[in-house]
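Single-letter residue listing:
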Amino acid sequence: MTGHEDGRRTTVAAAVQLESRLGDVTGNLAAGERLANEAGDRGAEWILLPEFFTTGMGWNKQMADAALRPDGPATELLLRVASRYGAKVGGSFLCEDDDGHVRNAFFLATPDGIVGRHDKDIPTQWENFWYVGGSDDGVMDVDGLTVGAALCLELGRTRTVERLRGVDLVVGGSFTWHYPSYWPRVLGRAHLERKYGQDYVRWAPPFARLVGAPVVEATHCGRLEGIDPTMRIPYRSLVGGGTRICAADGTVLAERSHLDGPGVVVAEVTVGSVPPLDEPPDRAYLVPRGAIWSTMWAIQRLQGRRAYARRRVSDPGSPGRGAR
């Protein structure tokens, strides 16, 4: 890491694009570590794995047994890679805590140990079946830098801008699923797909301009093969909106399309807070969700919360039973 006259520093960051298999913890851990090692071999000092890097995200029976302990194999992977390359390594996974609840927890590791954790604030749609939200500010002190963590749709919320303004670097990841194959073309599926890719999930560049800090976002790619928990029919779609590393002014320094498959993007990044170039809108979401998304969000949030609560009552060891 090199310094600048204005006190800012330059470092090398990498973001992993993972082709995960839904609920396959062992296979996803192995694939994630291979790509993290590739990033380290390319000189990365910061290595980011995506949200849910142990499982992907969707609805099938395997997900009920997929939560890991805070000191389990996922954090061991982060610590192992951090030690191997002398790097900072982060990623999020379904984490079963001592209180019996499962959370979408982002851990940041260095060669000296875990230095920070952030729990995603609001589960998205069917994510409510598998975990509960958190309330921390997601700000960590790492080697003299103030680092903010944000996961997936947190990068699209105004309150995330408010909590992370002033940080030197934003790190995190996402798992985004597209409109399902059963969505009729006559109801504008092609238009919705374009809007999804252009407005909803290309959030790293505008978010960098809003907070005044570079953003490193790791993601998934491939296809989602699961079940729609509302309609109980197969849900098949593409996954991901692209992996990106952005400068504080929103300039994309490196990116990989979700259509390019699994891999790693690496870029030299100047870290350090600068005055934000844009102001957030006076609404909860940076880009309005629209009627279709809002309706499905509300339905699946209610379904998911009820199902999560029922599992805890019927089986206190669930949904994290068998957590490793």
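Anything mentioned here points back to the structure above.
Residues numbered from 1 in each chain as written. Predicted model: local features only at pLDDT ≥ 70, side-chain atom pairs only at ≥ 80, totals over all residues. Heavy atoms only, no water.

### Structural notes on the overall build of the chain
Helices and strands together make up the secondary structure of the chain, namely six helices and 15 strands. Sequence separation of 24 or more characterises 71% of the internal contacts of the chain that already satisfy a separation of 6 or more. Only carbon and sulfur atoms are counted for the fraction: they give 51% of the accessible area of the chain, which is about 12900 Å². (Helix = DSSP H or I, 4+ residues; strand = E, 2+ residues; numbered from the N terminus. Contact = heavy atoms within 4.5 Å. Areas by Shrake-Rupley, 256 points an atom, 1.4 Å probe, with all protein chains shown as cover.)

### Let's talk about the nonpolar core
If you look at the biggest cluster of nonpolar residues, it comprises 28 residues, and the most contacted ones within it are Ile47, Phe53, Leu77, Leu78, Val89 and Phe93. Going through the elements one at a time, strand S2 (9-18), helix H1 (25-41), helix H2 (73-85), strand S4 (88-96) and strand S5 (102-110) are the ones with two or more residues in this core. At six residues, H1 tops the list of elements feeding residues into this core. Sequence-distant contacts of Phe93, defined by excluding residues within four places in its chain, comprise Phe52, Phe53, Thr54, Leu68, Arg69, Ala74, Thr75, Arg103, Asn104, Ala105 and Phe107. (Core = buried A, V, L, I, M, F, W, Y, C linked by side-chain atoms within 4.5 Å. Buried < 20%, exposed > 50% of the residue type's maximum accessible area, 1.4 Å probe, protein only.)

### Some words on the pattern of salt bridges
Taken as a whole, this structure holds 20 salt bridges when the rule is applied. A salt bridge links Asp143 to Lys88; the shortest N-O distance between them is 2.8 Å. Taken together, the residues span a long stretch of sequence, with Asp143 in the loop between strand S7 (139-142) and strand S8 (145-151) and Lys88 in strand S4 at a distance of 55 residues. Here Asp143 falls in the exposed class, since its relative accessible area comes to 54%. (Salt bridge = Lys/Arg side-chain N within 4 Å of Asp/Glu carboxyl O.)

### So, the packing of aromatic side chains
Evaluated as defined, the whole model comprises 11 aromatic pairs. Judged by centre distance (6.0 Å) and plane angle (55 degrees), the ring pair of Phe52 and Tyr131 falls under tilted. Of this pair, Phe52 sits in the loop between strand S3 (46-48) and H2 while Tyr131 sits in the loop between strand S6 (113-119) and S7, and the two are 79 residues apart along the sequence. Tyr131 matches Phe52 in its accessibility class, with the two residues each being buried. Aromatic side chains Trp126 and Tyr235 sit 4.8 Å apart centroid to centroid with 85 degrees between the ring planes, which places their arrangement in the edge-to-face category. Of this pair, Trp126 sits in the loop between S6 and S7 while Tyr235 sits in strand S12 (residues 233-238); the two residues are 109 residues apart in sequence, bridging distant segments of the chain. Trp126 gets classed as buried once you look at its relative accessible area, which sits at 1%. Judged by relative accessible area, Tyr235 falls into the buried class, the value being 7%. By way of ring pairs, the aromatic residues Trp126, Phe175, Trp177, Tyr182 and Tyr235 are connected into one cluster. (Phe/Tyr/Trp six-rings, centres within 6.5 Å; stacked < 30°, edge-to-face > 60°.)

### What about the environment of Ala254?
Along the chain, the position of Ala254 falls in strand S14 (residues 252-256). Take Ala254: its relative accessible area is 12%, and that puts it in the buried class. Separated by 240 residues in the primary sequence, Ala254 and Ala14 have C-alpha atoms spaced 9.1 Å apart. Discounting chain neighbours no more than four positions away, the residues touching Ala254 are Thr243, Arg244, Ile245, Val265, Val266 and Ala267.

### Here we look at unusual backbone geometry
With a phi close to 55 degrees, Phe52 is a non-glycine residue in the positive phi region. Residue classification places Phe52 among the buried residues on the basis of a relative accessible area of 0%. Unusually for a residue other than glycine, Cys152 sits at a positive phi of about 50 degrees. Here Cys152 is to be found in the loop between S8 and helix H3 (158-164). Classification of Cys152 by relative accessible area gives buried; the value is 4%.

### Here we look at H1
Across its 17 residues, H1 extends 24 Å between first and last C-alpha, which sits within 8% of the 24 Å expected from 1.5 Å per residue. If you check which residues of H1 are buried, you get Val25, Asn28, Leu29, Ala31, Gly32, Glu33, Leu35, Ala36, Asn37, Ala39 and Gly40. Of the surrounding elements, those touching the buried residues of H1 are S2, S3, H2 and strand S15 (263-271). (Expected span 1.5 Å × (residues − 1).)

### Here's the deal with the pairing of strand S9 (residues 169-173)
Taken residue by residue, a regular strand's side chains alternate between the two faces of the sheet. With five of five residues buried, S9 lies mostly within the body of the structure. On S9, burial covers both faces: Leu169, Val171 and Gly173 on one face and Val170 and Gly172 on the other are all buried. By the bridge criterion, five bridges tie S8 to S9 in an arrangement that is parallel. Note that in S9 the partner of Ala149 across the bridge is Val171. One crossover worth recording links S8 to the parallel S9 by way of H3, and it is right-handed. (Pairing = 2+ DSSP bridges. Right-handed = clockwise from strand over helix to strand, strands pointing away.)

### Overview of helix H5 (residues 204-211)
When you tally the buried positions in H5, you get six out of eight residues, the bulk of the element. Within H5, burial applies to Ala204, Pro205, Phe207, Ala208, Leu210 and Val211. Just downstream of H5 lies Gly212, where phi reads positive at about 75 degrees.

### Describing the packing of H1 against H2
Angle between the axes and distance between the axes are the two parameters that describe a pair of packed helices. At a minimum axis distance of 10 Å, the contact between H1 and H2 shows a crossing angle of 20 degrees. Regarding the angle of H1 to H2, the classification is roughly parallel. When you trace H1 past H2, the crossing you get is right-handed. In this structure, H1 contributes Leu29, Glu33, Ala36, Asn37, Gly40 and Asp41 to the contact, and H2 contributes Pro73, Ala74, Leu77, Arg80, Val81, Arg84 and Tyr85. Partitioning the contact of H1 with H2 into residue classes produces seven nonpolar, two polar and four charged. (Axes fitted to C-alpha atoms, helices over the stretch in contact; angles between N-to-C directions. Parallel < 35°, antiparallel > 145°, perpendicular 65-115°, else oblique. Left-handed = near helix turned anticlockwise from the far one by under 90°. Nonpolar A, V, L, I, M, F, W, Y, C, P; charged D, E, K, R; others polar.)

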